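Letter by letter, the chains look like this.
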Amino acid sequence: PVTLGAGATTTLPVTVTIPTNALAAAEDVTTLTIASSLSSAVSGDVQFTTSANQVAAVSLAAASPQSAEPGTAVTYTHPLRNTGNGMDTFVLTAVSNHGWPVTTSGNPTLGPGETAVVQVVVHIPAGTAMNTVDRTTLTARSAFDNGVLATAVDVTTAVRPEYAVYLPMMRR
């Protein structure tokens, strides 16, 4: 209880807890009723609206390492999930530590909880030495909050072509 003299005012702290699973921009109306302890005829209501802020979050799953011959390309697939509470676009970038050419699929726009499969194509340049290992880092960055990102590393090994030698079959 708060006791006030005639004509006095005060500020009352009100705490509203927004559920952790609330979607961005979700609203709730709270009504605060104030009543006199001396007279039931003296009371008043105040209503206010609380909105959930958007919170960006993302997860990006890893892909298995691959090997291929120089002059070819390998494709990696990664599930990307919007773990935030609002619609978001994720900007994809991929960088090879050897400077190999890399392409990515488009920048997906996802609702909360939605998943998209994104692709990274790593091109192994012709003339690359055998057993060269490249690490390409894929980054998915939130367009809503560019400080929020997830990364995955794709490991590619250049291998020599497989040759099979067939000998003639001879009878004794």
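Residues numbered from 1 in each chain as written. Predicted model: local features only at pLDDT ≥ 70, side-chain atom pairs only at ≥ 80, totals over all residues. Heavy atoms only, no water.

With that settled, the discussion passes to the nonpolar core. One finds L60, L80 and L138 to be the most contacted residues of the largest nonpolar core, which totals 23 residues. A per-element tally of this core places strand β9 (residues 115–123) first, with four residues. Other than its neighbours up to four places away in sequence, L60 contacts H78, P79, L80, V118, L138, A140, A150, T151 and A152. (Core = buried A, V, L, I, M, F, W, Y, C linked by side-chain atoms within 4.5 Å. Buried < 20%, exposed > 50% of the residue type's maximum accessible area, 1.4 Å probe, protein only. Helix = DSSP H or I, 4+ residues; strand = E, 2+ residues; numbered from the N terminus. Contact = heavy atoms within 4.5 Å.)

Within the secondary structure, T136 is located in strand β10 (residues 133–142). T136 gets classed as buried once you look at its relative accessible area, which sits at 0%. Within the structure, the side chain of T136 is placed 2.7 Å from the side chain of D134, a separation counted as a polar contact. (Polar contact = N/O pair within 3.5 Å; in protein donor to acceptor, adjacent residues only side chain to side chain.)

Inspection of the secondary structure puts P79 in strand β5 (residues 73–82). Using a relative accessible area of 38% as the deciding quantity, one classes P79 as partly exposed. Considered as a pair, P79 and S96 are 17 residues apart in the sequence and their alpha carbons are 20 Å apart.

Quick look at the side chain of H78 now. Looking at the element boundaries, H78 is found in strand β5. Residue class for H78 comes out buried when judged on its relative accessible area of 0%.

Once that is clear, we can look at the environment of G113. Its place among the elements puts G113 in the loop between β8 (109–110) and β9. Among residues more than four places away in sequence, those in contact with G113 are R81, N82 and G84.

Taken as a whole, the largest pocket encloses approximately 460 Å³ of empty space. Around the largest pocket sit 16 residues that line it, and V2, L4, I34, A35 and S36 are the ones nearest its centre. The biggest single contributor to the lining of the largest pocket is strand β1 (residues 27–35), with three residues. Here the lining of the largest pocket is built from residues that sort into nine nonpolar, seven polar and no charged. (1 Å grid on protein atoms, 1.4 Å probe; cavity = no way out; pocket = protein on both sides within 12 Å on 5 of 7 lines; lining within 4 Å. Points joined across faces, edges and corners; volume = space filled by probe spheres on them. Nonpolar A, V, L, I, M, F, W, Y, C, P; charged D, E, K, R; others polar.)

Backbone geometry at A25 places phi at a positive 75°, although glycine is not the residue there. For A25, the location among the structural elements is in the segment before β1. Overall, A25 belongs to the exposed group, its relative accessible area being 56%. Here N131, not a glycine, exhibits a phi torsion of approximately 65°, which is positive. Mapped onto the fold, N131 is located in the loop between β9 and β10. Judged by relative accessible area, N131 falls into the exposed class, the value being 57%.

Any link to function would need more than the numbers given here.
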